[in-house]
Amino acid sequence: MSIPTLPSSFPGTLDEDVRAVLDGGTGDCAVAVRSLEAPPRTLLINAHETFHAASTMKTPVMVELYRQAEEGRIDLDDTVRVENAFRSLVDGSRYALAPEDDSYDALYAHLGEQRSIRTLMREMITASSNLATNILLETVGAERTTESMRRYGADRIQVRRGVEDMTAYRRGLNNEASAHDLLVLFEQIARGTAVSERASHEMIEILKAQEHNDMIPARLPASVEVAHKTGWIPGLRHDSGVVFVPEGPTYVVVLLSQNLENEEAGAQAFARVSRMVFDAMAGG
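Source: prediction; values computed, not measured. Counting starts from 1 at the beginning of each chain's written sequence and moves along it residue by residue. For this predicted model, a pLDDT threshold of at least 70 governs which residues receive local features, and a threshold of 80 or more governs which side-chain atom pairs are given and counted, while totals over whole chains, interfaces and linings are taken from all residues. The basis for the side-chain values is all heavy atoms of the structure; hydrogens and waters are excluded.

> Looking at this structure, I do not really get the pattern of salt bridges. What am I missing?
Opposite charge on two side chains lets them pair, provided their charged atoms get close. Think of a salt bridge as a Lys or Arg side-chain nitrogen and an Asp or Glu carboxyl oxygen that are within 4 Å of each other. This model, assessed by the stated rule, comprises 18 salt bridges. Here Arg34 and Glu187 are joined by a salt bridge, their closest N and O atoms 3.0 Å apart. Highlighted residues: Arg34 in strand E1 (residues 28-35) and Glu187 in helix H7 (residues 179-191), separated in sequence by 153 residues. As far as the burial class goes, Arg34 and Glu187 line up, both buried. To qualify as a helix, a DSSP run of H or I must reach at least 4 residues; to qualify as a strand, a run of E must reach at least 2; elements of each kind are numbered from the N terminus. Any residue under 20% of the maximum accessible area for its type is buried, any over 50% is exposed, and the rest in between are partly exposed; the area is computed with a 1.4 Å probe on protein chains only.

Written out as structure tokens, the structure is:
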């Protein structure tokens, strides 16, 4: 990857140590870390490179849901019909999601029923439900979601389409993100400035209930809480979130990868990097 990175503001060799772990893998990786303290400690490695967002795009959708609720456009306690029929970004052709390809297949048992936006939002984040995501994205709109990201200074987060829109995928029309921009977004949530303090607090509580925990939290002490959102498709593993250390620093960490030959090895490498960052934060 060609974009240079800023030197780490951590004492010691954290930058070199993280790069050594990532260089041992067989893919392209990006890391962005920032503490909420002043002055912040920062680590950026390939942080402005653009990656396929996979399910990390669900965090911007959640933020947009809260923004539209704050403006009175929607009520999170209103219900919508659970349907499995969506239109491609490319030509408007119909497509449906396959339960066996979704990390949360329980929602498919409720097709035709009404379900609250709030419930679908939680399923989108904690269980990474693709069906819930597409229903909610139709509610708030992909373009509006991207526009909101620009307001937060996240210029490389691009929400273009629903999940599993294969016609768009084959055209290279994907949802995108960079480690830096996800860091910017999660820092706003962590500081209580994403939409509102109340909305940010609610988003943190949802993100803390994440069910997929094999990267950022995997090697951290049980006392450490992590509010995060993962993402994965073949050849790619991501994790992004806020780490709350009891009597210690709160910090944001984003780990993105693509072109992985071994996805499990990539996840394990990210778990190691997460622990290295934690040790550097706790020791600093």
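> Before we go on, may I ask you to explain the packing of helix H2 (residues 58-70) against helix H5 (residues 142-151) in this structure?
The description of two packed helices rests on the angle between their axes and on the distance between the axes. Between H2 and H5, whose axes approach to 9 Å, the crossing angle comes to 90°. When the axes of H2 and H5 are compared, the pair comes out roughly perpendicular. Together, Pro60, Val61, Val63, Glu64, Arg67 and Gln68 of H2 and Arg144, Thr145, Ser148, Met149 and Arg151 of H5 make up the contact between the two elements. Geometry is summarised by axes, namely lines fitted to C-alpha atoms with helices restricted to the contacting stretch, and by angles between N-to-C directions that run from 0 to 180 degrees. When describing relative orientation, an angle under 35 degrees is termed roughly parallel and one over 145 degrees roughly antiparallel, while 65 to 115 degrees is termed roughly perpendicular and anything else oblique. Any two residues whose heavy atoms approach within 4.5 Å at even a single point are treated as in contact.

> Explain the environment of Met57 to me, please; I cannot follow it from the model alone.
Within the secondary structure, Met57 is located in the loop between strand E3 (51-52) and H2. Sequence separation between Met57 and Gly266 is 209 residues, and the spatial gap between their C-alpha atoms is 20 Å. Every residue in contact with Met57, bar those within four places of it in the chain, is listed here: Thr133, Leu137, Val159, Arg161 and Asn175.

> Looking at this structure, I do not really get the side chain of Lys229. What am I missing?
Note on placement: Lys229 falls in strand E9 (residues 225-233). As used in this structure description, the phrase polar contact means that two N or O atoms lie within 3.5 Å; if the pair is within protein, one of them must be able to donate a hydrogen and the other to accept it, and residues adjacent in sequence are counted only when both atoms belong to side chains. Separated by 3.0 Å, the side chains of Lys229 and Ser128 make a polar contact. When near neighbours in sequence (up to four residues on either side) are disregarded, Lys229 contacts Ser55, Thr56, Lys58, Thr59, Met124, Ile125, Ser128, Phe186, Leu207, Gln210, Asp239 and Ser240.

> What is the right way to look at the confidence of the model for the protein in this model?
Predicted coordinates in regions of low pLDDT should not be interpreted in detail. Summary of the metric used: pLDDT quantifies the predictor's per-residue confidence within the range 0 to 100. When pLDDT is averaged along the protein, the result is 94; 96% of the residues meet or exceed 70. Below pLDDT 50 for its whole length, residues 1-5 participates in 14 contacts with residues either more than four positions away or in separate chains.

> I keep staring at helix H8 (residues 197-208) and nothing clicks. Help me out?
For an α-helix, 3.6 residues make a turn, and residues three or four places apart therefore share a direction. Given the number of residues in a helix, its expected span is that number minus one, multiplied by 1.5 Å. Over its 12 residues, H8 runs 17 Å from end to end, which matches the ideal 16 Å to within 8%, given 1.5 Å per residue. Taken as a whole, H8 has its buried residues at Ala199, Ser200, Met203, Ile204, Ile206 and Leu207. Summarising the axial view, the buried residues of H8 lie within an arc of 165°, below the 170-degree limit, and thus occupy one face. Among the exposed residues of H8, those pointing more than 90 degrees away from its buried face are Glu197 and His201. Against H2, helix H3 (117-126), H7, E9 and strand E10 (236-244) lie the buried residues of H8. The arc in question is the one spanned by the directions pointing from the helix axis to the C-beta atoms.

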